[in-house]
Amino acid sequence: TAGALLAQKELLTAVSAERIREELVRLLCGRDAARVLDAYLPVFGMCLPELLPMQGFAQQNPHHIYDVWHHTLAVVAAIPPQPHLRLAALLHDVGKPDCFTADESGIGHFYQHASIGAEMTRSILRRLKFDNDTTTRVVTLVRWHDRQIEPTAKAVKRALQQFGQETFFDLLALKRADNRGQAPAYAARQADYDRLAAIAAEILASGACFSRKELAVTGRDLMAAGMPAGRELGAALDTLLDAVIDEKVINEKEALLRYLFSNESY
């Protein structure tokens, strides 16, 4: 059967994208997915040719002990078996082969690989007829998997503001898995991710404000105070949100209104 799979792999070009998608998701979320991906990469390459350049592509970087493909397999194996997470793990470094440069010391770099990989991921998922929600979630994770988040309340609030609670924790899961596929010398980063998760949990448990909906004032409150409706209203709410996150003002209605209208911009 294994021999037939490899010998007849071209027949997959006659299989619908929807069927390929369903079988891919089942395999990715199944037991031993990384080993199967490695054993049958030429078969997967018929549906996902973007994976093929990753095999054997040396990273030439002290952060890594594997080529791009085997690093990717380690990340797939290390992340929870949820479809959007496994897809993000499979595709998070798909842009690397197109971005490689080496500095004067021979150290490899992959500048912009996350943003390029995100667009490649969008194209792949659209080709395989994934739904819009899954596509958006996976593309977001691929685009931001290298973003550095400082272990401070302000930085975590900013990340929660940008991504929302669910995507923030998905991003942490991808970062954890990504780190487990790197050189052992960098394993201490797991403690950093523990700290980020703990800070986020504290913020959420306290009911802290990190989005407009948690602000103690609404657009109606601002209009009642004399501000006209329109873009200026949204900008004012964003100004207040930034001020609360930066701890320049407490999240109380009167304090927010005083802060806003004492600002020369308003």
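Structure first, text after, so check above.
Calculation rules
Residues numbered from 1 in each chain as written. Predicted model: local features only at pLDDT ≥ 70, side-chain atom pairs only at ≥ 80, totals over all residues. Heavy atoms only, no water. Helix = DSSP H or I, 4+ residues; strand = E, 2+ residues; numbered from the N terminus. Contact = heavy atoms within 4.5 Å. Areas by Shrake-Rupley, 256 points an atom, 1.4 Å probe, with all protein chains shown as cover. Lys, Arg positive; Asp, Glu negative; His and termini not counted. Charge placed at Lys NZ, Arg CZ, Asp CG, Glu CD. Core = buried A, V, L, I, M, F, W, Y, C linked by side-chain atoms within 4.5 Å. Buried < 20%, exposed > 50% of the residue type's maximum accessible area, 1.4 Å probe, protein only. Phe/Tyr/Trp six-rings, centres within 6.5 Å; stacked < 30°, edge-to-face > 60°. Lys NZ or Arg CZ within 6 Å of the ring centre and 35° of its normal.

Trainee: Before we go on, may I ask you to explain the overall build of the chain in this structure?
Mentor: Helices and strands together make up the secondary structure of the chain, namely 14 helices and two strands. Counting only C-alpha atoms and orienting by the principal axes, one finds that the chain spans roughly 75 × 45 × 35 Å. Long-range contacts, defined here as pairs at least 24 residues apart, represent 62% of the contacts in the chain between residues at least 6 apart. On the chain, roughly 13700 Å² of surface is accessible, and the fraction owed to carbon and sulfur atoms is 52%. Here the chain holds 30 positive side-chain charges and 33 negative ones, and the gap between their average locations is 4 Å.

Trainee: Looking at this model, I keep getting lost on the nonpolar core. Mind explaining?
Mentor: The tendency in soluble globular proteins is for nonpolar side chains to be buried side by side. Residues Leu51, Leu90 and Val156 are the most contacted members of the largest nonpolar core, which totals 55 residues. Among the elements that line this core, the one with the most residues is helix H6 (residues 83–91), at six residues. Listed in part, the 18 residues of the second largest apolar core include Leu215, Ala236, Leu237 and Leu257.

Trainee: For this particular structure, what's the right way to read the packing of aromatic side chains?
Mentor: Each aromatic ring pair is described using two quantities: the centre-to-centre distance and the angle formed by the ring planes. For the coordinates displayed, the defined rule picks out five aromatic pairs. Seen in terms of ring centroids, phenylalanine 100 and phenylalanine 110 are 5.5 Å apart; in terms of plane orientation they differ by 55°. Their pairing is tilted. Of this pair, phenylalanine 100 sits in the loop between H6 and strand E1 (101–102) while phenylalanine 110 sits in the loop between strand E2 (108–109) and helix H7 (113–127), placing them 10 residues apart in sequence. When the ring centre of phenylalanine 110 is taken as reference, the NZ or CZ atom of lysine 96 above it lies at 4.8 Å.

Trainee: How should unusual backbone geometry be read in this particular structure?
Mentor: It is generally the case that most residues other than glycine have a negative phi and that most peptide bonds are trans. Its identity as a non-glycine residue notwithstanding, aspartate 32 has a phi of 65°, on the positive side. We classify aspartate 32 as partly exposed; its relative accessible area is 41%. Within the chain, glutamate 247 stands out as a residue other than glycine whose phi angle is a positive 60°. Its location among the elements puts glutamate 247 in the loop between helix H13 (231–245) and helix H14 (253–262). Its relative accessible area of 54% is what places glutamate 247 among the exposed residues.

By themselves, these observations are geometric and do not establish any function.
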